[in-house]
Amino acid sequence: MAGPSPAARSVVGAVYGMTSVLLGGLPLLALGVGLAVIGWGVRDAGSLTDALVPATVWTPAATLAAVVAYAMLTVIGVRVLSLWMPEGYHPVRSRVGWQLWATERLMDAARNYLFPIYASLLTPWWLRVLGAKVGREPRFRRRC
C-alpha cells in the first residue's frame, strides 16, 4: 500500500508546522494579558521611576491574569480539538492524528505553565474542566 503523495505530505507538514507556531504563541498571548494589567496599573505614571512602585504592586494581579488567561486558552483549545475525535487508532497524517498531536502538545505545555494547578488538589477539578472523567464511578454495587 502506497503512502500519501508528496503534495499531501507537504500540506500535512505545513499544517503541523503552523499548529506548532500557534501553540507556541499561546504563552505569549497570556503574557500579553499580564502586561496589559501592569500597563493599566502604571497608566498615570509620568516617568519610569514613577512607574516602578505601581508596577510592583500590580505584578501579582498581572501574574494571576496571565495564568487564568493561559488556563482559559488551554481549556478552549482542548475542547475545540476534541470535537469529532473518535476513539481508536488513527494514522498520524490524518485529521484525527493532527487533533491528537495538537491536544497532546497543548496538554504537555499546560503541565509546564500551569504547574501550580497540577501540583495541588485542583488537579481533578482541572481535568474535569478539560473533559476527563476523574473520580470514582460506582461500576459495581455490593449486594448485601
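Now for a quick tour of the structure. (Residues numbered from 1 in each chain as written. Predicted model: local features only at pLDDT ≥ 70, side-chain atom pairs only at ≥ 80, totals over all residues. Heavy atoms only, no water.)

### Quick look at the overall build of the chain
Then comes step 1: In terms of helices and strands, the chain carries 5 helices and 0 strands.
Then comes step 2: Its helices and strands in sequence order give the chain the pattern α-α-α-α-α, from N to C terminus.
Then comes step 3: For the chain, the proportion of contacts with a sequence separation of at least 24, taken over those separated by at least 6, is 57%.
Then comes step 4: Just so you have it, the chain exposes about 10,700 Å², and 68% of that area is on carbon and sulfur atoms. (Helix = DSSP H or I, 4+ residues; strand = E, 2+ residues; numbered from the N terminus. Contact = heavy atoms within 4.5 Å. Areas by Shrake-Rupley, 256 points an atom, 1.4 Å probe, with all protein chains shown as cover.)

### So, the packing of helix 2 (residues 48-81) against helix 3 (residues 95-113)
Then comes step 1: It is the contact of helix 2 with helix 3, at a shortest axis distance of 10 Å, that shows an interaxial angle of 160°. The pairing of helix 2 with helix 3 is recorded here as roughly antiparallel in orientation. The handedness of the crossing between helix 2 and helix 3 comes out as left-handed. Contacts from Y70, T74, G77, V78 and L81 of helix 2 reach helix 3 at W98, Q99, A102, T103, L106, M107, A109, A110 and Y113.
Then comes step 2: Here the residues of the contact of helix 2 with helix 3 sort into 10 nonpolar, 4 polar and no charged. (Axes fitted to C-alpha atoms, helices over the stretch in contact; angles between N-to-C directions. Parallel < 35°, antiparallel > 145°, perpendicular 65-115°, else oblique. Left-handed = near helix turned anticlockwise from the far one by under 90°. Nonpolar A, V, L, I, M, F, W, Y, C, P; charged D, E, K, R; others polar.)

### Observations regarding the packing of aromatic side chains
Then comes step 1: Going through the model one piece at a time under the given rule, you end up with 3 aromatic pairs.
Then comes step 2: With 5.1 Å between their ring centres and 85° between their planes, W40 and W58 make a pair best called edge-to-face. Note that W40 is positioned in helix 1 (residues 6-41) and W58 in helix 2, a separation of 18 residues in sequence.
Then comes step 3: Classification of W40 by relative accessible area gives partly exposed; the value is 48%.
Then comes step 4: Ring geometry for Y70 and Y113: centres 5.2 Å apart, planes at 65°, overall edge-to-face. Of this pair, Y70 sits in helix 2 while Y113 sits in helix 3; the two residues are 43 residues apart in sequence, bridging distant segments of the chain. (Phe/Tyr/Trp six-rings, centres within 6.5 Å; stacked < 30°, edge-to-face > 60°. Buried < 20%, exposed > 50% of the residue type's maximum accessible area, 1.4 Å probe, protein only.)

### Section: the packing of helix 2 against helix 5 (residues 123-130)
Then comes step 1: One can describe the packing of helix 2 onto helix 5 by two numbers: an axis separation of 9 Å at closest approach and a directional angle of 45°. For the element pair helix 2 / helix 5, the angle class is oblique. Facing A71, T74, V75, V78 and R79 of helix 2, the residues of helix 5 in contact are W126, R128, V129 and L130.
Then comes step 2: Residues belonging to the contact of helix 2 with helix 5 are distributed by class as follows: 6 nonpolar, 1 polar and 2 charged.

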